[in-house]
Amino acid sequence: MTAKYGKTFGYFDGTLPNLFTTDINLIKSVFVKDFDHFVNRRSFEVKRKVFRKMLSIIQDKEWKDVRSSVTPVFTTGKIKLMSKMITECANRLVIKFQTIAETEGKLDAKMQFSAFTMDVIARSAFGMTIDNLGGKDDPFMTKAKGVFNPPANKSALIMIPFVFPKLLAYAGDRIFFPKAFYFFIDILEDLIKQRSNSTEKYNDFVEVATEAIMEHTKTVNGKQVPIWNREEVDEIVTSQSMLFLLAGFDTTATTLTNSAFLLARNPEVQERLYEQVVRKHEKIGEVNHEMILDFPYVDHVIHEVLRMYPPVPRVERACNKEVTYNGIHIKKGVVVTVPTFPLHYDEEYYPDPYRFNPDRWDPESEIKPSPYVFMPFGMGPRNCVGMRFAMEEMKIALCTLVKNFRFFPVAETPEEMQFEDGFLGVVQPIHATVGIESRS
Ligand code: HEM
């Protein structure tokens, strides 16, 4: 579409006017400079308990209050605490991959990385350690499939609430919130009840988020009082933990899958990363938070994976106050959408865009892209709140795996990554099988 109509053009999503753009100046204005005109995404009428409080759905002042309460969960200090648990999960993954390397010699990357990210989320958001994750009868994975890849995603009907958002409260409710959700919500509600009677320290998302949200105060008659009562705090924490699962599971699993694929297809990048991991490991002694702290090459590799295969194909903002840019008048109610694939493959911003080239992210590089045209995590004050956690998780997982294993293409590995059809959600890689051998 961008090749045919240019960087900015309009169309209707049903009744909803939508302005598509990959124009750097328009992106900068909408997502950063004039954020107060574009605070929300398109609005859905969600009435269900828990879902109605999710950060991605709530709007305006309520969004600002919850966002500023959840943000402290992802500060460096808190991430450092949670990173110990990520390292443990990555070490468990090594044991599993060792068996796979010795027996099958190839990896169903999407399945294995889904089990890994579920392990991390189960521990950090659900306070649980699960044995046999990724096993055939593991309920966490079975229910997660019901949530992430519902059969309805293959039907255009799932677009109804997007095209007619006011209908979500009625028509789309069942499609969007399948029963599998309640498996996770029940676990969270039980966990929060148990925790309220305990003094133990857990250092996980539920604990850190509860503390941060309870600390959030407002001024009433010159006094500081909590914004939310205990019941509201519990609902907000349950919502954000569910959203953690929704927003953090498939996106991270997909990016790790795409990384294994791109490393298998680009052995020179993989070897360079391996050599640098080994050197760092000799200094620090293990793959952990300290090791990945000042490690630019692993950053560049993951940036390039996210550029080539951004898991979220569209990022949007709804205009709440009209504004005009260079003759383009944007009225209240218009949705501005950035399609991430066309943006990340625009030759003006990324020379030789089909080449996997982590060096383009080197600060010394002549072709280093502008931050305003890189949107795997969205942009501006409403960008992905879990970005730092996701980067920590992916860096620890990649460094741990590259240190222990070598990925390579096998007969099933496609020349180029193929993606599933679907109307919503994360861009799903298919045929993501890669060969794996142990380095020891
Ligand atoms: C590779 C991993 C991930 C990718 C590519 C990703 C991508 C995105 C994108 C594109 C958005 C929309 C941003 C915008 O509109 O500007 C978003 C929002 C969000 N993400 Fe992520 N995400 C990832 C991991 C995570 C994780 C691990 C968490 C939770 C810990 C998370 C929580 C959220 C939340 C809560 C929002 C809504 C933010 C708001 O509306 O204020 N994401 N993410």
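Here the residue numbering is sequential within each chain, running from 1 through the sequence in written order. Only residues with pLDDT of at least 70 get local features here, since the model is predicted, and only at 80 or more are side-chain atom pairs given and counted; chain-wide, interface and lining totals rely on the full set of residues. For side-chain calculations, the full set of non-hydrogen atoms in the structure is used, while hydrogens and water are omitted.

> Give me the lowdown on the overall build of the protein, citing residues and values where you can.
For the protein, the helix and strand inventory stands at 16 helices and 13 strands. Radius of gyration: over C-alpha atoms. The globule rule applied is 2.2 Å multiplied by the number of residues raised to the 0.38 power. In terms of overall size, the protein behaves like a compact globule, its C-alpha atoms giving a radius of gyration of 22 Å where 440 residues would be expected to give roughly 22 Å. The C-alpha extent of the protein, read off along each of the three principal axes, is 65 × 60 × 45 Å. Split into buried and exposed, the 440 residues of the protein put 52% on the buried side. When checking whether two residues touch, look at their non-hydrogen atoms; a contact exists if any pair is within 4.5 Å. Considering only intrachain contacts with a sequence separation of at least 6, the fraction spanning at least 24 residues in the protein is 73%. For the protein, the distance from the average position of its 55 positive side-chain charges to the average position of its 57 negative side-chain charges is 5 Å. Strands here are runs of E lasting at least two residues and helices are runs of H or I lasting at least four, both read from the DSSP assignment and numbered beginning at the N terminus. Summary of the burial criterion: residues with accessible area below 20% of their type's maximum are buried, those above 50% are exposed, and those between are partly exposed, where the area comes from a 1.4 Å probe applied to protein chains only. Under this rule, positive means Lys or Arg and negative means Asp or Glu; His and the chain ends count for nothing. We put the charge of a Lys on NZ, of an Arg on CZ, of an Asp on CG and of a Glu on CD.

> Quick rundown of the packing of helix H11 (residues 230-265) against helix H14 (residues 296-308)? Include the residues and the values.
To describe two helices that pack against each other, one gives the angle between their axes and the distance between the axes. For helices, the fitted axis covers only the stretch in contact; all axes are lines through C-alpha atoms, and the angles between them, taken along N-to-C directions, range from 0 to 180 degrees. Running from amino to carboxyl end, H11 crosses H14 at an angle of 105°, the nearest separation of the two axes being 10 Å. As far as their axial angle goes, H14 and H11 are roughly perpendicular. Within the contact between the two elements, H11 uses Thr 255, Asn 258, Ser 259, Leu 262 and Leu 263 and H14 uses Val 301, Val 305, Leu 306 and Met 308. Here is the rule for angles: anything less than 35 degrees is roughly parallel, anything more than 145 is roughly antiparallel, 65 through 115 is roughly perpendicular, and the remaining ranges are oblique.

> Please set out the UniProt feature "binding site: heme" (unreviewed entry) in the protein residue by residue, giving values where relevant.
UniProt positions are given in the numbering used here, feature names are shortened, and annotations may be inferred rather than shown by experiment. Those residues carrying the UniProt feature "binding site: heme" (unreviewed entry) are Cys 384 in this numbering. Here Cys 384 is to be found in the loop between helix H15 (340-344) and helix H16 (387-404). Apart from residues lying up to four places away in sequence, Cys 384 is in contact with Arg 67 and Phe 377.

> Please provide a residue-by-residue account of the sheet that holds strand S13 (residues 433-438), values included.
What the 3 strands build is an open sheet, ordered S3-S13-S10; its pairing is antiparallel. Edge positions in the open sheet fall to strand S3 (106-108) and strand S10 (405-408), since each of these has one partner strand only. Averaged over neighbouring strand pairs, the angle between their axes works out to 40° when direction is ignored. Against the sheet, helix H4 (residues 76-103) contacts S3, S10 and S13, and its axis sits at roughly 95° relative to S13. In this scheme, strands are said to pair when DSSP sees at least two bridges between them.

> Outline the nonpolar core, listing residues and values.
The nonpolar side chains of a soluble globular protein tend to be buried with one another. Residues grouped as a nonpolar core are buried Ala, Val, Leu, Ile, Met, Phe, Trp, Tyr and Cys residues, joined through side-chain atoms within 4.5 Å. Counting residues in hydrophobic clusters, the biggest one holds 125 residues, and the most contacted among them are Phe 97, Phe 113, Phe 184, Met 242 and Ile 330. Among the elements that make up this core, the one with the highest residue count is H11 (15 residues). Non-local contacts of Ile 330, meaning those with residues more than four positions away in its chain, are made with Leu 19, Leu 26, Phe 38, Cys 319, Glu 322, Val 323, Tyr 325 and Val 336.

> I'd love a proper account of the sheet that holds strand S2 (residues 16-21), names of residues and values included.
Reading across the sheet, the 4 strands line up as S1-S2-S9-S6 and stay open at both edges, with mixed pairing between neighbours. Every other strand in the sheet has two partners, leaving strand S1 (8-13) and strand S6 (314-318) as the edge strands with one partner each. Pairs of neighbouring strands in the sheet enclose a mean axial angle of 25°, with direction left out of account. Two strands pair when backbone bridges link them, and S1 and S2 are joined in this way by 6 bridges, in the antiparallel orientation. Note on S2: the bridge partner recorded for Gly 10 is Leu 19. Its contacts with the sheet place helix H2 (residues 24-33) against S1, S2, S6 and strand S9 (335-339), and it is angled at close to 60° to S6.

> Hey, could you go over the packing of aromatic side chains for me, with residue numbers and the actual values?
Pairing of aromatic rings covers Phe, Tyr and the six-membered ring of Trp, with a centre-to-centre limit of 6.5 Å; geometry is then stacked below 30 degrees between planes, edge-to-face above 60, and tilted otherwise. Going through the model one piece at a time under the given rule, you end up with 18 aromatic pairs. Residues Phe 74 and Phe 389 carry aromatic rings whose centres are separated by 6.4 Å and whose planes lie at 70° to one another, so their mutual orientation is edge-to-face. On the criterion of sequence distance, the pair formed by Phe 74 in the loop between helix H3 (60-70) and H4 and Phe 389 in helix H16 is long-range, its members being 315 residues apart. Its relative accessible area of 3% is what places Phe 389 among the buried residues. Measuring from centroid to centroid gives 5.2 Å for Phe 244 and Phe 389, while their planes differ by 90°, and the two rings are edge-to-face. Of this pair, Phe 244 sits in helix H11 while Phe 389 sits in helix H16; the two residues are 145 residues apart in sequence, bridging distant segments of the chain. Each of the two residues, Phe 244 as well as Phe 389, counts as buried.

> Could you give an account of the environment of Ile 192, with specific residues and numbers?
Inspection of the secondary structure assignment puts Ile 192 in helix H9 (residues 180-196). Along the primary structure Ile 192 and Glu 235 are separated by 43 residues, whereas in three dimensions their C-alpha atoms are 9.7 Å apart. Leave out the neighbours within four places in its chain, and Ile 192 touches Val 206, Arg 230, Asp 234, Val 237 and Thr 238.

> Describe the packing of helix H5 (residues 109-124) against H11, with residues and values.
The contact between H5 and H11 brings their axes to 8 Å, and the two run at 145°. Two packed elements cross with a definite hand, and for H5 against H11 that hand is right-handed. Contacts from Ala 109, Lys 110, Phe 113, Ser 114, Phe 116, Thr 117, Met 118, Ile 121 and Ser 124 in H5 reach Phe 244, Leu 245, Gly 248, Phe 249, Asp 250, Thr 252, Ala 253, Thr 254, Leu 256, Thr 257 and Ala 260 in H11. Split by residue class, the contact of H5 with H11 holds 11 nonpolar, 7 polar and 2 charged. Left-handed describes a crossing whose near helix is turned anticlockwise from the far helix through less than a right angle; right-handed describes the clockwise counterpart. Nonpolar residues are Ala, Val, Leu, Ile, Met, Phe, Trp, Tyr, Cys and Pro. Charged residues are Asp, Glu, Lys and Arg, and all others, Gly as well, are polar.

> Please provide a residue-by-residue account of the site of the ligand, values included.
Around the ligand sit 28 residues in total, of which Trp 63, Arg 67, Arg 317, Arg 382 and Cys 384 are the nearest. Elements with a contribution of two residues or more to the shell around the ligand: H3, H11, S6 and H16. With 7 residues, H11 is the single largest residue contributor to the shell around the ligand. The criterion for a residue being near a molecule or strand is simple. One of its heavy atoms has to lie within 4 Å of it.

> Before we move on, could you go through helix H12 (residues 267-284) and cite the residues and values that matter?
For H12, which comprises 18 residues, the first-to-last C-alpha distance of 25 Å matches the rise-based estimate of 26 Å (1.5 Å per residue) to within 8%. Among the residues of H12, Val 269, Gln 270, Leu 273, Gln 276 and Val 277 are the ones counted as buried. Down the axis of H12, the smallest arc covering the buried residues is 135°, so these residues share one side. Turned more than 90 degrees away from the buried face of H12 sit Glu 268, Arg 279 and Glu 282, all of them exposed. Directly after H12, the chain includes Gly 285, whose backbone phi takes a positive value near 100°. Multiplying 1.5 Å by the helix residue count minus one yields the expected span of that helix. Comment: arc refers to directions from the helix axis out to C-beta atoms.

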